[in-house]
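Chains, contacts and geometry: an overview
This is what each chain is made of:
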Amino acid sequence: MAYFEFLRVRNVLKNLAIVLVVMFLLAGALRLLHASGSIVVGDDSGNVRGSGSTQVTRIHLATGDTQTTVDDAKKHVHAVFVTPKDHPGTMTLNSASAGVDVALFFGAATIVALVIASILAAVFSSQNRNHLEIAFMWPVTRERTALSAIGIDVAGILASLLMGTVAALAIASLFVHVSLLWLPTSAATVVLAIVAPVAWYALLLAASSSLRSFGAVAGIGWAAGLLLPGFAQIPVQNPTSTMALVVATLRVLAHFDPLAYLRFSSETPHGGIAGSPELALAFLVPLAIIYLAAAVLQWRRVEA
Amino acid sequence: MPIVLSVDARSGVPIYLQLIEQIKRSVALGVLQPAERLPTVKQLALDLTINPNTVARCYRDLERDGVIETSPGRGSFVRGDGAEASVKAAAGDVAQSALESAIREAMSLGLSRAETTTLLHGILDRWYPEKS
Amino acid sequence: MNAITIDHLRKTYGAFVALDDLTLAIPQGSVFGLLGPNGAGKTTTFKCMLGLVRPDGGTTRFADQTFSPAVLDRIAYVPERSVLYEGMTVAEHIEMQRRAYSKFDADRARELVKGFGIPDLRRKTGKLSKGMRTAVAVALAFSRSAEVLVLDEPTSGLDPVNQRTVLNLIVNEAASGNTVVFSSHQVGHVERAAERIAIMKDGRIALEGMVDDLKADRKIVEGIMPDDSATVAALNGNPHVRRVERNGRILRAFASGDAGAIAEALSAGGAAGVRIVDLDLEDIFFDAVAPASSTADLVEA
């Protein structure tokens, strides 16, 4: 029913693929430029010490070079440095493998998904410009047309998330041997990476459903979406001042901003203003549903 | 069908009347033979790019005037029986209509009945010369 | 049965009244022409009919059913301006229609598009000329086997050959028993293809009827009076005389029916050279929307 949207999403994803491939090739070029010996660390190799779970072992090779091995079983890090005998103050990285939380890659890909989400959210406003005489003449209810288009867009957002994750993995693998870690926190973070762009899409869609152009919504949306969480964090000295009132209002508003729920770090992934990913989801899922409903209810009342 | 029908959509004369006139004329002149088949309503409408109901009305009136007959499923035909009568009737209709136009024109130009009659006789003498 | 019944349709945009208590009935299997100057409300009428615009009052029924999405499968619409997706090719539009409508015939669509002279179906519609886009929209609409076709200026931008093709398509649909409603500025086209017309002006219907009846009915009875000021008393208050124009000694009575009697009255009233002038649809149209010499006034310095 929303074949036009299927074609559009396919086109957007095709362009995304090209962009990601180019990025990969650039990273590859970068990697090749540093192929000789990769990273050189200038340091007195004698000073490298391990702490906590990290173990540093130093052996002297038959060639006269010194080999330093850094191991951290907990973080799944294994790096081998060589100090050539004629360059005693340096360490050259020979090989490394790193354990990386899966969620980190999803986190990086979230940026891709957010951008794609904001491109796809123009679907209703672009119909309103001059295509309603086609879209509103399908022999199905307008709600069905709207939901079909939304379904295709959400699938597109998920696809872009996957594409971004794969690209991030591929690029990281150019520099380091990656071993994927699935931490207890990973699941919630991955789900957050899926839901947040969908909620972002839903917000922009709801804001533009009755309009004929998307530019203003995209511009204001991104600016407000990015700035609002920052403003909401401003520390306030005097709790009863007008400043405090403004910040409090902004903090409330930030709860409606999907971007405010995003914080990724491999050790302690936050849920942004919500505090934990699980709590963030508890806010984001209802927000996404409400925004989508608002979008559909608005769009079906537009006049051609 | 050997005859060629044409319509002038911009004429003030309704299209169905134009068609009736042309078909009657064809019958009178023998271009359309008795028992000859006319095109279907749909075919004629498409050929002339005119509304099918206009053609249908024309055929209905022609049937009413006894010039054609329609049998469901087989189409419309120039009347085979009483051919002479229908031909004569058709001829009479066409001629009457032409003569009426001429008389009306003479009247509008201000000719009296006597003047018109004189003219008419002159024309009749020229076109229907009496063989002596 | 009526294919479309419009009852007391009303639509205002702020203070502007686009449709003012419009009532129309379009019989099934007929070709109905909607004429009118720009801004008369033809496009608004179509959009209200099809639910694209919400009227402020009145109802529309299709074949005596109230409007519902399922009915749209039986109706094909060609809008006034191009609404095709610029980034999609002609072939993709055909595919889109095929997926959406149950009786869409993709082969016929391709055939029609080629018939209009569009060379490459893989061309994006944004790259086509205005006329070509109209042609694509028409081709798509006529491949639907729709019972009702609503066409808003389906010949605009088309060359004469393609215009004739569209007319033939309309006639073909009528001959197959389907209903066609179309608006056009080409009065000649409407004259040929339509059996009924309505002339709209300022959101209302100024004149409606069968084309043949209107032509048979409306005549100008012209006579030359003895002098500039002589009048014919019998014309005053005659319900069949819509208005009388004088140009020096020439008197023209605009008659609705009963032209013969009016001609006799003129002759009896002293006019010479009385004749009855036939009107074509364009004349009838001008008379209905711009009477007297309003257009001539603009031309003369």
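Residues numbered from 1 in each chain as written. Chains lettered and ligands numbered in written order. Predicted model: local features only at pLDDT ≥ 70, side-chain atom pairs only at ≥ 80, totals over all residues.

**Quick word on the overall build of chain A**
For the record, the criterion: Put simply, DSSP marks the helices as runs of H or I at least four residues long and the strands as runs of E at least two long, and each gets a number from the N terminus on. Only the C-alpha atoms count toward the radius of gyration. The rule for a globule is 2.2 Å times the residue count to the power 0.38. The contact criterion used is a C-beta to C-beta distance within 7 Å, with each C-beta placed from the backbone.
Scanning chain A for helices and strands turns up 9 helices and 6 strands. At 25 Å, chain A has a C-alpha radius of gyration far larger than the 19 Å of a compact globule built from 304 residues. The principal-axis extents of the C-alpha atoms in chain A amount to approximately 80 × 55 × 30 Å. Once local pairs closer than 6 in sequence are excluded, the contacts in chain A between residues at least 24 apart make up 70%.

**A few points about the overall build of chain C**
We count it as follows: Counting other C-beta atoms within 10 Å of a residue's C-beta gives its exposure: the residue is buried at 20 or more, exposed at 12 or fewer, and partly exposed in between, where C-beta atoms are placed from the backbone.
Looking only at helices and strands, one finds 10 helices and 14 strands in chain C. Along the first, second and third principal axes, the C-alpha atoms of chain C reach 70 × 40 × 40 Å. Residues counted as buried form 45% of the 301 residues belonging to chain C. Of all intrachain contacts in chain C linking residues separated by at least 6 positions in sequence, the fraction that spans at least 24 positions is 71%.

**Examining the nonpolar core**
Selection criterion: The nonpolar core is taken to be a set of buried Ala, Val, Leu, Ile, Met, Phe, Trp, Tyr and Cys residues joined by way of C-beta atoms within 7 Å. Boundaries of every domain are those given by an automatic assignment or by a domain database.
Judged by nonpolar contacts, the single largest core of 178 residues is most densely connected at Ala199(A) and Ala202(A). Top element by residues in this core is helix α6 (residues 186-208) of chain A. It accounts for 16 residues. Taken domain by domain, the makeup of this core includes at least three residues from each of domain 1 (2-202) and domain 2 (214-299) of chain C. Those residues in contact with Ala199(A) that sit more than four places away from it in its chain are Pro258(A), Leu284(A), Leu287(A), Ala288(A) and Tyr291(A).

**Brief notes about the sheet that holds strand β12 (residues 241-247) of chain C**
All names here are of chain C. Put simply, the test is: At least two bridges found by DSSP between two strands is the condition for calling them paired. In this analysis, axes come from line fits to C-alpha atoms, helices being fitted only over the stretch in contact, and the angle between any two N-to-C directions falls in the range 0 to 180 degrees.
In space, the 4 strands of this open sheet follow the order β12-β13-β11-β14, with antiparallel pairing throughout. Strands with a single pairing partner mark the edges of an open sheet, and in this sheet they are β12 and β14 (272-278). Here the strands of the sheet are splayed against their neighbours by 20° on average, with no regard to which way each runs. Relative to strand β13 (residues 250-256), β12 is paired through 6 bridges, and the arrangement is antiparallel. If you follow Val-244 over to β13, its bridge partner there is Ala-253. Contacting β11 (218-224), β12, β13 and β14, helix α8 (residues 259-268) crosses the sheet at an angle of about 10° to β11.

**Some details on the interface of chain C and chain A**
Threshold: Throughout this entry, Asp, Glu, Lys and Arg are counted as charged residues, while Ala, Val, Leu, Ile, Met, Phe, Trp, Tyr, Cys and Pro are counted as nonpolar. The remaining residues, Gly among them, count as polar.
Listed per partner, the contact involves 20 residues of chain C and 17 residues of chain A. A total of 5 residues in the side of chain C that touches chain A trace back to one element, the largest contributor, which is helix α2 (residues 90-100) of chain C. Residue classes in the side of chain C that touches chain A are distributed as 14 nonpolar, no polar and 6 charged.

**Here we look at the arrangement of the chains**
Interchain contacts are distributed over 2 pairs of chains, and the most extensive set of them lies between chains B and C. The two partners chain A and chain B share no contact, and the minimum distance between any of their C-alpha atoms is 28 Å.

**A closer look at the domain arrangement of chain C**
It is common to give the size of an interface as the accessible area that goes away when the parts come together. Residues and elements named next belong to chain C. Here the domain parsing of chain C yields domain 1 (2-202) and domain 2 (214-299). At the junction of the two partners, domain 1 supplies 8 residues and domain 2 supplies 6 residues. Where the side of domain 1 that touches domain 2 is concerned, the elements lending two or more residues are α6 (187-193) and β9 (196-201). Looking at the side of domain 1 that touches domain 2 element by element, the count peaks at 3 residues for α6. In terms of residue class, the side of domain 1 that touches domain 2 is made up of 5 nonpolar, 1 polar and 2 charged.

**Focus on the sheet that holds β9(C)**
Residue and element names in this part refer to chain C. Pairing in this open sheet of 6 strands is mixed, and the strands run β6-β7-β8-β3-β9-β10 from one edge to the other. Where the open sheet ends on each side, the last strands, each with one partner, are β6 (75-78) and β10 (204-210). The mean inter-strand angle of the sheet, taken between neighbouring strand axes irrespective of direction, is 15°. Both β6 and strand β7 (residues 148-152) contribute to a ladder of 4 bridges, which runs parallel. The partner of Tyr-77 across the bridge, within β7, is Val-150. Docked against the sheet, helix α1 (residues 42-49) engages β3 (31-35), β7, β8 (179-183) and β9, running at close to 145° with respect to β7. Here helix α4 (residues 130-141) sits on the sheet in contact with β6 and β7, set at roughly 175° to β6.

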